[in-house]
Amino acid sequence: MQQLAVQIAAATQFIRSAWPARPTAGIILGTGLGNFTSEMRIEAEIPYETIPHFPRSTAMGHKGQLVCGTVEGVPVVTMEGRFHAYEGYDQSQITLPVRVMRELGISLLIISNASGGLNPHYCPGEIMLIEDHINLMLGQNPLFGVNDDRLGPRFPDMSRPYDPGLIELALEIARRENFVAHRGVYVSLTGPNYETAAEYRLLRLIGGDVVGMSTVPETITAVHAGLRVLALSTVTNVANPNALCQTDGADVVAAASQAGPNLAKIVRGVLKRYSVDTV
């Protein structure tokens with residue numbers, strides 16, 4: 001972790017040379033929110049490969065650039081494409097952009113992802129606000145190594161990693177806009193394979209509502225850095241372990257994209273409120 005400060009400084013300096021504004025929020029555009037940049041007043045687009053120490057995104061449906069500008073008058077920096085353990089990156093690499101966005105000035109991190117439904121009451125295309133998670137990325141953690149106290153505490157508290165006020169605001173927006181949004185527990189695995197029927201049964205048994213391959217490393221890092229976090233999960237399919245169907249990556253991307261407009265409504269509404277006061 002000690003080398004992180006040098007990497008953060010180099011990446012931050014490069015980004016500021018292209019976009020000198022101070023962002024209020026960072027947004028990780030996962031599967032389903034990939035078109036959100038059309039909602040922005042874009043001021044700079046910076047490919048990941050040009051930013052010092054940034055990995056490259058190889059995931060299906062992820063572009064691979066920072067898009068900087070404003071949404072609802074709020075300066076934001078968005079990650080158009082994220083990184084995953086299954087791409088071969090360690091968690092310090094996966095979460096470096098969160099550190100950089102914090103150094104750029106953000107106080108709010110909004111994360112989106114696509115997930116498989118475990119809760120039988122959920123339907124494809126619905127949105128779940130993550131209120132807690134179960135980390136099954138075993139043997140991996142973005143905080144491994146000697147802690148750098150400049151970046152955060154050695155043992156960050158994870159009793160409330162997802163901001164309750166932001167969750168309530170997101171649910172309020174969903175009710176006002178008349179679409180379904182749940183709140184529940186996200187289970188994170190490394191992937192890249194989808195789960196077996198027995199694994200689906202186990203994950204539901206231990207309290208999971210949805211399962212995915214991201215988000216938890218970024219959340220741990222954000223909490224360590226003192227950021228407020230809102231995480232939105234799009235349910236792309238609902239697993240029935242007793243009659244399990246094959247899951248295809250292209251189908252997941254297609255199902256997640258259907259939820260894009262509703263995800264965008266939540267993000268715009270949260271940013272609009274955030275620009276006026278703290279929730």
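What counts, and at which threshold
Residues numbered from 1 in each chain as written. Predicted model: local features only at pLDDT ≥ 70, side-chain atom pairs only at ≥ 80, totals over all residues. Heavy atoms only, no water. Helix = DSSP H or I, 4+ residues; strand = E, 2+ residues; numbered from the N terminus. Rg over C-alpha atoms; globule rule 2.2 N^0.38 Å. Buried < 20%, exposed > 50% of the residue type's maximum accessible area, 1.4 Å probe, protein only. Contact = heavy atoms within 4.5 Å. Lys, Arg positive; Asp, Glu negative; His and termini not counted. Charge placed at Lys NZ, Arg CZ, Asp CG, Glu CD. Salt bridge = Lys/Arg side-chain N within 4 Å of Asp/Glu carboxyl O. Pairing = 2+ DSSP bridges. Phe/Tyr/Trp six-rings, centres within 6.5 Å; stacked < 30°, edge-to-face > 60°. Lys NZ or Arg CZ within 6 Å of the ring centre and 35° of its normal. Polar contact = N/O pair within 3.5 Å; in protein donor to acceptor, adjacent residues only side chain to side chain.

Engineer: Help me understand the overall build of the protein chain in this model?
Structural biologist: Secondary structure summary: the protein chain contains eight helices and nine strands in total. Taking 2.2 N^0.38 as the reference for a compact globule, 279 residues should give roughly 19 Å; the C-alpha atoms of the protein chain span a radius of gyration of 18 Å, in line with that estimate. Viewed in the frame of its principal axes, the protein chain has a C-alpha envelope of about 55 × 40 × 35 Å. When the 279 residues of the protein chain are sorted by exposure, 56% land in the buried category. Restricting the contact set of the protein chain to residue pairs at least 6 apart, pairs at least 24 apart contribute 83%. Here the protein chain carries 21 positive and 26 negative side-chain charges, and the mean point of each set is 5 Å from the other.

Engineer: When you look at the pattern of salt bridges in this model, what are you seeing that I'm missing?
Structural biologist: In a structure, side chains of opposite charge can pair up when their charged atoms sit close to one another. Throughout the structure, instances matching the rule amount to eleven salt bridges. Arg 273 is paired through a salt bridge with Glu 172; the nearest N and O atoms lie 3.4 Å apart. Of the two residues, Arg 273 sits in helix 8 (residues 260–276) while Glu 172 sits in helix 4 (residues 164–177), which places them 101 residues apart along the sequence. By relative accessible area, Arg 273 is classed as partly exposed at 32%.

Engineer: Got a minute to help me understand helix 6 (residues 216–224) in this structure?
Structural biologist: Residues lying three or four places apart along an α-helix face the same way, a consequence of the helix completing one turn every 3.6 residues. The buried count for helix 6 comes to nine of nine residues, which makes it a mostly enclosed element. Taken residue by residue, helix 6 has Val 216, Pro 217, Glu 218, Thr 219, Ile 220, Thr 221, Ala 222, Val 223 and His 224 as its buried positions. A positive backbone phi angle near 85° is found at Gly 226, which sits one or two residues after helix 6.

Engineer: In this structure, what is going on with the pairing of strand 4 (residues 74–80)? I would like to understand it.
Structural biologist: Consecutive side chains along a regular strand alternate between the two faces of the sheet. In terms of residue burial, strand 4 counts as a mostly covered element, since six of its seven residues are buried. With five bridges joining them, strand 1 (residues 25–29) and strand 4 adopt parallel strand pairing. Within strand 4, the residue paired with Ile 27 across the bridge is Thr 78. In this antiparallel pair of consecutive strands, strand 3 (residues 65–71) and strand 4, the connection spans two residues, and Glu 72 shows a positive phi of 55°.

Engineer: Quick question: what am I supposed to make of unusual backbone geometry here?
Structural biologist: Backbone phi values are negative for most residues with the exception of glycine, while trans is the configuration of most peptide bonds. Each neighbour pair has its own omega, and for Gly 191 with Pro 192 the value is 5°, a cis peptide bond. Backbone geometry at Glu 72 places phi at a positive 55°, although glycine is not the residue there. Secondary-structure assignment places Glu 72 in the loop between strand 3 and strand 4. Although it is not a glycine, Thr 215 adopts a positive phi angle of roughly 75°. Relative to the elements of secondary structure, Thr 215 occurs in the loop between strand 8 (210–212) and helix 6.

Engineer: Just to check I follow, could you spell out the packing of aromatic side chains for this structure?
Structural biologist: Where two aromatic rings form a pair, the distance of their centres and the angle of their planes describe that pair. Per the stated rule, a full pass over the model turns up three aromatic pairs. When the ring of Tyr 48 is compared with that of Phe 54, the centres are 5.6 Å apart and the planes differ by 45°; the resulting orientation is tilted. Exposure remark for Tyr 48: the relative accessible area of 1% places this residue in the buried category. With a centroid separation of 5.2 Å and an interplanar angle of 50°, the aromatic rings of Tyr 48 and Phe 83 are classed as tilted. Taken together, the residues span a long stretch of sequence, with Tyr 48 in the loop between strand 2 (41–47) and strand 3 and Phe 83 in the loop between strand 4 and helix 2 (91–94) at a distance of 35 residues. No difference in accessibility class separates Tyr 48 from Phe 83, as the two residues are buried. Here the aromatic residues Tyr 48, Phe 54, Phe 83 and Tyr 89 are joined through ring pairs into a cluster of three or more. Positioned above the aromatic ring of Phe 155 is the side chain of Arg 154, whose terminal nitrogen or guanidinium carbon lies 6.0 Å from the ring centre.

Engineer: What am I meant to see in the side chain of Thr 215 here?
Structural biologist: For Thr 215, a relative accessible area of 0% translates into the label buried. Here the side chain of Thr 215 touches Asn 113 through a polar contact of 2.7 Å, side chain to side chain. In contact with Thr 215, not counting residues within four places along its chain, are Arg 82, Ile 111, Asn 113, Ile 130, Tyr 162, Tyr 186 and Ala 231.

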